[in-house]
Amino acid sequence: WLNTEYIPKFGPAIFFMNHTSYADPFLTSLYFYENGRAVRFFGKSSLFKLPFVGWIVRKAEQIPVHRESDSAAQALEIAKELLEKGLAVGIYPEGTLTRDENLWPMVAKTGAVRLAIQTGAPLIPVAQWGAHRIIGRYQKKLRVFPRTKVKIKAGPPIELSKWSSKLDD
């Protein structure tokens, strides 16, 4: 775990990170939890319908996103409510696992930045690497041997004040 000093111990916070594996939410949740934060992540709504996984994400108060629908923006409203309560939310800004064969991020959606500007919550970048070696991109096979080193690193909050007057732009 790297640069954990950038994880605020209390108050609203928005963490945004790259998404290379189905293992990402579990590993980044552990990263945040071991550093004093329980983060509510945005997740595709179909996960909430799965028998065991759905129960876990609902109990953990994760945020369902109805992707590519008229109700997709409801996730941002839920996130705003959580931030107003002083909680932290996590967003994979691409909205899906990367499709890049070298695992580089794709073009991000604007929700994380808009949410930060609207709420004033700090927007904190987080990079992770190694989860794709535990569960490959778009695969379900878990590889626990050999042991894999995963690095997760937070960065300083992104300065967004120069855009605060352009909420509708």
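What comes next concerns the included structure.

About the thresholds
Residues numbered from 1 in each chain as written. Predicted model: local features only at pLDDT ≥ 70, side-chain atom pairs only at ≥ 80, totals over all residues. Heavy atoms only, no water. Phe/Tyr/Trp six-rings, centres within 6.5 Å; stacked < 30°, edge-to-face > 60°. Buried < 20%, exposed > 50% of the residue type's maximum accessible area, 1.4 Å probe, protein only. Pairing = 2+ DSSP bridges. Helix = DSSP H or I, 4+ residues; strand = E, 2+ residues; numbered from the N terminus. Axes fitted to C-alpha atoms, helices over the stretch in contact; angles between N-to-C directions. Contact = heavy atoms within 4.5 Å.

We now examine the packing of aromatic side chains. Under the counting rule described, the total for this entry stands at 6 aromatic pairs. On the numbers, 5.3 Å between centres and 65 degrees between planes, the contact of Tyr31 with Phe32 is edge-to-face. On the basis of relative accessibility, which here comes to 0%, the residue Tyr31 falls in the buried class. Using a relative accessible area of 0% as the deciding quantity, one classes Phe32 as buried. A connected cluster of aromatic rings, assembled from ring pairs, spans Trp1, Phe15, Tyr31, Phe32, Phe41 and Tyr92.

As summarised here, the arrangement of the 6 strands in space is 3-2-4-1-5-6, forming an open sheet in which the pairing is mixed. Looking along the sheet, the strands with just one partner apiece sit at the ends: strand 3 (63–65) and strand 6 (151–154). Neighbouring strand axes in the sheet, compared pairwise and without regard to direction, differ in orientation by 25 degrees on average. The sheet contact formed by strand 1 (residues 13–17) and strand 5 (residues 123–129) spans 4 bridges and is parallel. When the sheet's bridge partners are listed, Phe16 is paired in strand 5 with Pro125. Those strands touched by helix 4 (residues 111–119) are strand 1, strand 2 (39–44), strand 4 (88–91) and strand 5, and its axis lies near 165 degrees from that of strand 1.

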